[in-house]
Amino acid sequence: MIGFEYHNPARIVFGEDSEKRLKSLLADYKVKSLLLVYSGDFIKTLGIYSAVQEAVSELGIRFSENGNVVPNPSIDLVRELVWQGKTSGVDFVLAVGGGSSIDTAKAVALGIPYEGDVWDFFSKGVSAERVLPIGVIATTASSGSETSNAAILSNGEWKLGFEDDRIIPKFAIMNPKYTVNLPEYQTFVGVADVLSHLLERYFSDEKYSDTTDYLIEGAIRALLVNADKLIENPRDINARGEIQWLASVAHGGFLDVGRRADWGSHRIEHELSAQYNITHGEGMAVVTVAWTKYVAQKKPWRLALLASRLFGIDPYNYSEKERAYALSEKLAAFFKKLKLATTLSDLKIDDKDFEVMAARAVKNGNVGHYVPLDATAIKDILKLAL
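These notes cover the structure that comes with them. (Residues numbered from 1 in each chain as written. Predicted model: local features only at pLDDT ≥ 70, side-chain atom pairs only at ≥ 80, totals over all residues. Heavy atoms only, no water.)

Now for the overall build of the protein chain. The helix and strand inventory of the protein chain stands at 15 helices and 8 strands. Relative to the compact-globule value of 21 Å for 386 residues, the protein chain shows a C-alpha radius of gyration of 21 Å, a close match. Taking the principal axes of the C-alpha coordinates as reference, the protein chain spans close to 70 × 45 × 45 Å. In the protein chain, which comprises 386 residues, the share counted as buried stands at 57%. Within the protein chain, counting contacts between residues at least 6 apart in sequence, those at least 24 apart form 78% of the total. (Helix = DSSP H or I, 4+ residues; strand = E, 2+ residues; numbered from the N terminus. Rg over C-alpha atoms; globule rule 2.2 N^0.38 Å. Buried < 20%, exposed > 50% of the residue type's maximum accessible area, 1.4 Å probe, protein only. Contact = heavy atoms within 4.5 Å.)

Another aspect to go through is unusual backbone geometry. Positioned with a positive phi, lysine 30 is a non-glycine residue whose angle comes to about 50°. Tracing the backbone through its elements, the reader meets lysine 30 in the loop between α1 (22-28) and β2 (33-37). Since its relative accessible area comes to 62%, lysine 30 is described here as exposed. The phi dihedral of lysine 348 falls on the positive side, at around 60°, and the residue is not glycine.

Another aspect to go through is the packing of helix α7 (residues 184-202) against helix α9 (residues 237-251). Between α7 and α9, the shortest axis-to-axis distance is 9 Å and the interhelical angle comes to 35°. Between α7 and α9 lies a crossing whose hand is left-handed. Judged by residue contacts, Thr187, Val191, Val194, His197, Leu198 and Arg201 of α7 engage Arg240, Ile243, Leu246, Ala247, Ala250 and His251 from α9. Split into classes, the residues belonging to the contact of α7 with α9 amount to 7 nonpolar, 3 polar and 2 charged. (Axes fitted to C-alpha atoms, helices over the stretch in contact; angles between N-to-C directions. Left-handed = near helix turned anticlockwise from the far one by under 90°. Nonpolar A, V, L, I, M, F, W, Y, C, P; charged D, E, K, R; others polar.)

Let's shift gears to the nonpolar core. Leu198, Ile220, Phe335, Leu373 and Ile378 are the most contacted members of the largest nonpolar core, which has 68 residues in total. Not counting the four nearest positions on each side in its chain, leucine 373 is found in contact with Gly264, Ile268, Trp291, Tyr294, Val362, Asn366, Val367, Ile378 and Ile381. Listed in part, the 36 residues of the second largest apolar core include Ala95, Ile102, Ala109 and Leu110. (Core = buried A, V, L, I, M, F, W, Y, C linked by side-chain atoms within 4.5 Å.)

What follows is about the side chain of histidine 197. Inspection of the secondary structure puts histidine 197 in helix α7. Polar side-chain contacts of histidine 197 include one of 3.3 Å to the backbone oxygen of serine 143. If we skip the residues at most four places from it in the chain, histidine 197 touches Ser142, Ser143, Ala250, His251, Trp263 and His266. (Polar contact = N/O pair within 3.5 Å; in protein donor to acceptor, adjacent residues only side chain to side chain.)

Judged by pairing direction, the sheet is parallel, and its 6 strands sit side by side in the order β1-β8-β5-β4-β2-β3 without closing on themselves. Looking at which strands have only one partner, the edges of the open sheet turn out to be β1 (11-14) and β3 (62-66). Taking the axes of each pair of neighbouring strands and ignoring which way they run, one obtains an average angle of 15° across the sheet. Packing of α9 onto the sheet brings it into contact with β1, β5 (134-138) and β8 (171-174), and relative to β1 it is tilted by some 175°. (Pairing = 2+ DSSP bridges.)

On any regular strand, side chains alternate: one points to one face of the sheet, the next to the other face. Here 5 bridges tie strand β6 (residues 150-154) to strand β7 (residues 159-163), and the two strands are oriented antiparallel to one another. For serine 154, the partnering residue across the bridge sits in β7 and is lysine 159.

In this section: the packing of aromatic side chains. Inspection of the entire model under this criterion finds 14 aromatic pairs. Between tyrosine 114 and phenylalanine 121 the ring centres are 4.6 Å apart and the planes differ by 55°, which places this aromatic pair in the tilted class. On the basis of relative accessibility, which here comes to 3%, the residue phenylalanine 121 falls in the buried class. Summarising the aromatic geometry, the rings of phenylalanine 334 and phenylalanine 335 are spaced 5.9 Å apart at their centres and angled 50° between planes, so their arrangement reads as tilted. Residue phenylalanine 335 is classed as buried on the basis of its relative accessible area of 1%. (Phe/Tyr/Trp six-rings, centres within 6.5 Å; stacked < 30°, edge-to-face > 60°.)

Side chains that carry opposite charge are capable of pairing whenever their charged atoms lie near each other. Evaluation of the coordinates by the stated rule reveals 20 salt bridges. Across the pair glutamate 355 and lysine 379 runs a salt bridge, and its minimum N-O distance is 3.1 Å. Here glutamate 355 is found in helix α14 (residues 354-361), whereas its partner lysine 379 is found in helix α15 (residues 375-385), with 24 residues between them in sequence. On the basis of relative accessible area, glutamate 355 is assigned to the exposed category, the value being 53%. If you follow the salt bridges from partner to partner, you end up with Asp76, Arg79 and Asp117 in one network. (Salt bridge = Lys/Arg side-chain N within 4 Å of Asp/Glu carboxyl O.)

Taking 1.5 Å of rise per residue, the 12 residues of helix α3 (residues 48-59) would be expected to cover 16 Å, and the 17 Å separating its terminal C-alpha atoms lies within 8% of that figure. Positive backbone phi, approximately 70°, marks glycine 60, located one or two places after α3. (Expected span 1.5 Å × (residues − 1).)

The next subject is a nonpolar patch on the surface. Taken together, the side chains of Met1, Phe4, Tyr6, Leu215 and Phe254 present a nonpolar region at the surface, about 500 Å² in accessible area. Positionally, tyrosine 6 belongs in the segment before β1. (Patch = residues over 30% accessible without salt bridge, like charges linked within 9 Å, V, L, I, M, F, W, Y side chains within 5 Å. Areas by Shrake-Rupley, 256 points an atom, 1.4 Å probe, with all protein chains shown as cover.)

Inspection of the secondary structure assignment puts asparagine 155 in the loop between β6 and β7. Each C-alpha atom, one on asparagine 155 and one on serine 123, is 9.9 Å from the other, the two residues being 32 residues apart in sequence. Contact partners of asparagine 155, with chain neighbours within four places excluded, come to Ile75 and Trp119. At 3.0 Å, the side chain of asparagine 155 and the backbone nitrogen of glutamate 157 are in polar contact.

Written out as structure tokens, the structure is:
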């Protein structure tokens, strides 16, 4: 186990009627001017919008809003919201929705106190001197952005991330009932997203990490069990609650301790979703299957370990490589059960942009830690994904 420092100040308010805590939470942070960031009218149907309006009205908080967030959130909207926030004297940003709304809110919270262009944080590695506080009302179970220190934005060509513990939300309200009416596709791309965050952390070259190994394996097992429950009954509130909490567990930093996660698969998928605007969770399903096939040949030991512990593939009867390839097959079967694409062909994507995507991915050097990937390796993985 390697040395670590762990810190996550996110306050989780989970369960039925958790949204009723919003007023007291906003009072705790002495909010004077709030910007609400969301996507579409669903928050009105769910009753969240009226709950927010009631809380800010009773507390005398100035209120502004924008409901134009889209998947793979755009820097253009963030710039618009930064300007809106500056002119309104916003001192708190509240996101309602999933990862796209939360990442937008994080970027806005960076941009409002900053004198330059907010894209500087993502493209130039500028450090934040000050960040506005952020709150979240989560309505999906996917990215785990409600407890993470990261935000991902796109400028139409590049899809880049920024990390800073100060963009971890101050609180996250999580009521599983808000996820019940999600479309099947949205539910299961969320499951794929959660699984990808667990796998990225599991695929570490650290050999002495039993505690987090078993924690991640248990989280994956719980995710598979509850995904099966949702296939049987999409309105199973307990299964939805388990998966919503797993999303935060997977991406809140606790499972990183004592190990170095890989993140090569995510870097490849970011190029795919930047290029083709595909849904991140489904893109991760495709890339994960291809990445595991590639890595099974290069460094199979961790994949083989997970195949044996998670799926019971006997190490006495199968070699490390055989077990590693079997893991790829098991993951592909799981994604297919969720009715998700497992190849680029399923998404009607061919090889014409492989060269440019691979070059963009490694602009700042090789990606991935368990198996570092150069441009040639990324193209090989994309070919396996066809």
